[in-house]
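Reading the structure
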Amino acid sequence: MTIQEKGNELFGQQLSVWEMARNNFEGLKTVQIREFDFDGFGVKVQFNPARMVSSGAKVDAKTIAQRKCFLCAANRPEVQRGIEWRDYDILINPFPIFTRHLTIPRREHVDQRLVAYISDMFDLARELPDFVVFYNGPKCGASAPDHMHFQAGNADFLPLVSDYFNLKAKGKCTKQCTIDGADVYTIDNYLRVVYCIESSDAEALRQAFMKLYNSWVKEEAVEPMMNVVCLYRDGKWYLFVIPRGAFRPWQYTAEGDKQLLVSPATVEVSGLFITPVKEHFERITKDDVVDILTQCTIK
């Protein structure tokens with residue numbers, strides 16, 4: 001049985017016994033969606049109150065030090081079960097954005113850092129072909145920056161994926177270079193910089209990623225600010241790397257009718273804004289979307 005088949009079984013088992021998770025996944029059937037149109041692509045906004053746990057998470061050093069890590073096996077709910085894969089556990093995410101949403105933590109409690117585990121990301125994407133596997137940097141949306149983990153969601157739900165293939169087919173992506181046999185593209189006029197590294201060779205993919213990574217890293221930083229998405233399709237990997245400019249926009253901590261509780265992580269910079277507060281969902285505008293992406297990514 002493949003990992004993906006085991007994952008499908010896991011969803012059935014967990015949703016039959018875990019009431020909170022079942023209710024949250026059921027809630028996705030009635031979430032409200034708004035969409036803002038741009039030149040050849042759109043940005044969606046989802047009202048999802050269950051995501052307040054993540055969007056409102058405090059991730060400062062003091063808070064992290066004082067709370068128990070919810071990704072460590074000893075601190076998970078008793079009802080939560082998973083699939084063992086190498087040094088990771090594949091779990092359903094009880095606060096979903098996707099209709100199939102997984103969290104994939106390492107068993108050991110180590111900091112959220114990508115370089116040492118990037119090849120695991122490639123292998124996960126290959127073993128979960130109906131999913132995208134994604135990574136939130138420790139200062140780029142990770143609600144557990146102290147515990148290394150990936151997430152995965154059904155690939156057809158993330159706007160970035162369909163945008164890339166659609167825009168590339170229309171000649172709206174630019175090939176920047178070829179690095180060690182991997183082709184590097186950017187998307188033209190996309191509100192934020194997105195690099196897509198394409199390769200059918202995992203080592204070439206890793207080498208190209210490391211060239212980008214090393215060009216951004218600063219001595220004082222533990223990791224460049226970035227979000228990463230990996231997709232495996234028709235024998236080729238597509239690795240989307242989105243460099244970040246800020247953790248959260250000024251609107252996040254604004255007061256009164258200026259506040260918009262949007263905490264950009266991979267999903268948001270990939271074109272799906274999550275708003276856990278209905279008033280904010282109803283009030284957000286196209287200009288707000290542009291402003292938040294401008295603040296939190298590189299243009």
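In every chain, residue numbers begin from 1 and rise along the written sequence. Since the coordinates come from a predicted model, pLDDT governs what is reported: local features require at least 70, and pairs of side-chain atoms require 80 or more to be given and counted, while whole-chain, interface and lining totals use all residues. By convention in this description, side-chain values take in all heavy atoms of the structure and omit both hydrogens and water.

The subject of this paragraph is helix α10 (residues 286-296). Classification of residues uses two cut-offs on accessible area relative to the type maximum, computed with a 1.4 Å probe and protein chains only: under 20% is buried, over 50% is exposed, and between them is partly exposed. Numbering goes from the N terminus for both helices and strands, where a helix is a DSSP run of H or I of at least four residues and a strand is a run of E of at least two. By the burial criterion, the buried members of α10 are Asp288, Val289, Ile292, Leu293 and Cys296. Buried residues of α10 fall within an arc of 130° about the axis and therefore sit on the same side. In this fold, the buried residues of α10 make contact with β1 (32-37), β2 (42-47), α8 (266-269), β13 (272-275) and α9 (278-283). In this description, one arc is meant: the one made by directions from the helix axis to the C-beta atoms. Residues count as neighbours in contact if any of their non-hydrogen atoms are within 4.5 Å of one another.

Centres within 6.5 Å make a pair out of two Phe, Tyr or Trp rings, where for Trp the six-membered ring is used; the pair is then stacked when the planes are under 30 degrees apart, edge-to-face when over 60, and tilted otherwise. A complete count under the given rule lists 17 aromatic pairs for this structure. Between the aromatic rings of Phe98 and Phe157, the centroid separation amounts to 5.9 Å while the plane-to-plane angle is 65°, which identifies the pairing as edge-to-face. Taken as a pair, Phe98 in the loop between β4 (88-92) and β5 (101-105) and Phe157 in the loop between β7 (149-154) and α6 (159-169) lie far apart in primary sequence, 59 residues in all. Relative accessible area serves as the criterion here: at 0%, Phe98 is assigned to the buried category. Each ring, one from Tyr164 and one from Phe240, has its centre 5.2 Å from the other, and the planes form 85°; the classification is edge-to-face. Residue Tyr164 is found in helix α6, and its partner Phe240 is found in strand β12 (residues 236-243); the two are separated by 76 residues along the sequence.

Moving on to the pairing of strand β8 (residues 173-179). Between any two strands, at least two bridges found by DSSP are needed for them to pair. In this sheet, strand β9 (residues 182-187) lies alongside β8 in antiparallel orientation, the contact comprising six bridges. Residue Thr174 lies in a different strand from β9, and its bridge partner there is Thr186.

Looking now at the pattern of salt bridges. Each reported salt bridge corresponds to a side-chain nitrogen of Lys or Arg within 4 Å of a carboxyl oxygen of Asp or Glu. The full count for this structure, using the stated rule, is 18 salt bridges. We note a salt bridge from Arg106 to Glu108, for which the minimum N-O separation is 2.9 Å. Glu108 gets classed as partly exposed once you look at its relative accessible area, which sits at 38%. In this structure, Lys211 engages Asp180 in a salt bridge whose closest nitrogen and oxygen atoms are separated by 3.5 Å. Here Lys211 is found in helix α7 (residues 202-216), whereas its partner Asp180 is found in the loop between β8 and β9, with 31 residues between them in sequence. Each of Arg86, Asp87, Arg106, Glu108, Asp120, Asp123 and Arg126 takes part in salt bridges that share partners, so that together they form one network.

Here we come to the side chain of Asn93. You can see Asn93 is positioned in the loop between β4 and β5. One polar contact links the side chain of Asn93 to the main-chain amide nitrogen of Phe95, over a distance of 2.9 Å. Any N or O atom pair separated by 3.5 Å or less is treated as a polar contact, with the protein-specific requirement of one donor-capable and one acceptor-capable atom, and with residues adjacent in sequence counted only for side-chain atom pairs.

Now for the packing of helix α5 (residues 118-127) against α7. Each axis is a line fitted through C-alpha atoms, taken for helices only over the stretch in contact, and angles between the N-to-C directions span 0 to 180 degrees. For the pair α5 and α7, interaxial distance at closest approach is 10 Å and the crossing angle is 135°. Considering the angle they form, α5 stands oblique to α7. As α5 runs across α7, the sense of the crossing is right-handed. Residues Ile118, Ser119 and Phe122 of α5 pack against Ala202, Leu205, Arg206 and Phe209 of α7. Here the contact of α5 with α7 is built from residues that sort into five nonpolar, one polar and one charged. In this scheme, roughly parallel covers angles under 35 degrees and roughly antiparallel covers those over 145, while 65 to 115 is roughly perpendicular and the rest are oblique. Take the far helix as the reference: if the near one is turned anticlockwise from it by less than a right angle, the crossing is left-handed, and if turned clockwise, right-handed. Gly is placed with the polar residues, together with every amino acid not listed as nonpolar (Ala, Val, Leu, Ile, Met, Phe, Trp, Tyr, Cys and Pro) or charged (Asp, Glu, Lys and Arg).

Two elements in contact, helix α1 (residues 3-17) and helix α2 (residues 19-27), have axes whose closest approach is 6 Å; the angle formed by their N-to-C orientations is 110°. As far as their axial angle goes, α2 and α1 are roughly perpendicular. Remark: the crossing between α1 and α2 carries left-handed chirality. In this structure, α1 contributes Phe11, Leu15, Ser16 and Val17 to the contact, and α2 contributes Glu19, Ala21, Arg22 and Phe25. Taken together, the residues of the contact of α1 with α2 break down into five nonpolar, one polar and two charged.

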